[in-house]
Structure formats: C-alpha cells, structure tokens
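Coordinate analysis (summary)
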Amino acid sequence: MSGPAQPGRYRAWRAIAVWCVLLLLAVVNGAAREAWLVRHFDAETAHVLSTLMLCLWIVAAVWWLAPWLCLRSERQALRTGLAWVALTMAFESLVGHYLLGRPWSAVWEDYDLKDGHIWPLVLIVTAASPWLAWRARRRSS
C-alpha cells in the first residue's frame, strides 16, 4: 500500500497532465490560426506565425508549470520532453490518419523541412522546454 503523495516528488501523471495542457494550447492555437490569422495573412504565413506562437505558448506553459512537475534532474527533464514528443507524434499521426482520414504520406508531410514545413520546430521546443525550465529555475534558486 502506498502512502500519501509526497510534496515535491516527481509523478509521471503530472507530466502527462502538463502534456494535455500543451495539447489544449495547440488546439486553441490552431483554432485561432483558422479564425484570425488566415484572414489577415496568406495560408503559409499564417501557418508559420501560428507555429511560432505555439512554440512560445509551450515554453511559457512549461516554465509556469515546472515547479508543479517537480523535475529533480537534468535526465528527468530530458526524458519528460522526449516523452512529450512521443505522445505528440503519436497523437498527430493517429488522429490525422484514423480520425481525419488523411493518408500516411500526408500525415508525414508536415515533418518535411524541404517543403517549408516548420512543424518539427514545435517538437524541438516541446522536447527542450522541460530541460530549459529545469536549468533556468535551478540557476535562479
């Protein structure tokens, strides 16, 4: 039998909860792109601006939620970021293919930098943000 949760102890469910917050931010960001940015910019510019805004939202959210995550080591922060990338890629792929009916080639098209897609930047920011927050907060304490 496990005892009560210890304050300040890392819990994997917290990392998943934060990833759900990031997912919600991505959905809101996409809705804002479709509702506002595409009215004021061409589709490609709107997509780039939206991607950059999402990156900023991710960094801000992770910075704000980092104390609640209770990341205790560099390794834990890096593993959390990589887990978020795996969850994000699985979600994007499975929803894109099975829910939206896109062929796999179209799903993976967003990852192709040669065609000007910058979606991988979101994955890089998602992977790095727990580590960046951990380091910055460690230095400030």
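Structural notes, computed from the coordinates. Keep in mind that what you see is a predicted model, and the values were worked out from it rather than measured.

Here the focus is the packing of helix α1 (residues 12-40) against helix α2 (residues 43-69). Interaxial distance between α1 and α2 falls to 9 Å at its minimum, and their mutual angle equals 155 degrees. On the basis of their axis angle, the class for α1 and α2 is roughly antiparallel. Remark: the crossing between α1 and α2 carries right-handed chirality. When grouped by side-chain class, the residues that make up the contact of α1 with α2 number 21 nonpolar, three polar and two charged.

The next thing to look at is the packing of aromatic side chains. This structure, assessed with the given rule, holds five aromatic pairs. When the centroid spacing of 5.5 Å and the interplanar angle of 80 degrees are considered together, the rings of Trp13 and Trp68 count as edge-to-face. In this pair, Trp13 is assigned in helix α1 and Trp68 in helix α2, connecting sequence segments 55 residues apart. On the basis of an interplanar angle of 45 degrees and a centroid distance of 5.1 Å, the ring pair of Trp108 and Tyr111 is categorised as tilted.

Taken together, the side chains of Leu94, Tyr98, Trp104 and Trp108 define a hydrophobic patch exposed on the protein surface, amounting to about 450 Å² of accessible area. Contributions of two or more residues to the nonpolar patch are made by α3 (74-99) and α4 (104-109). Take Trp108: it is sitting in helix α4. The class for Trp108 is partly exposed, based on a relative accessible area of 40%.

What counts, and at which threshold
- Residues numbered from 1 in each chain as written.
- Predicted model: local features only at pLDDT ≥ 70, side-chain atom pairs only at ≥ 80, totals over all residues.
- Heavy atoms only, no water.
- Axes fitted to C-alpha atoms, helices over the stretch in contact; angles between N-to-C directions.
- Helix = DSSP H or I, 4+ residues; strand = E, 2+ residues; numbered from the N terminus.
- Parallel < 35°, antiparallel > 145°, perpendicular 65-115°, else oblique.
- Left-handed = near helix turned anticlockwise from the far one by under 90°.
- Nonpolar A, V, L, I, M, F, W, Y, C, P; charged D, E, K, R; others polar.
- Phe/Tyr/Trp six-rings, centres within 6.5 Å; stacked < 30°, edge-to-face > 60°.
- Patch = residues over 30% accessible without salt bridge, like charges linked within 9 Å, V, L, I, M, F, W, Y side chains within 5 Å.
- Areas by Shrake-Rupley, 256 points an atom, 1.4 Å probe, with all protein chains shown as cover.
- Salt bridge = Lys/Arg side-chain N within 4 Å of Asp/Glu carboxyl O.
- Buried < 20%, exposed > 50% of the residue type's maximum accessible area, 1.4 Å probe, protein only.

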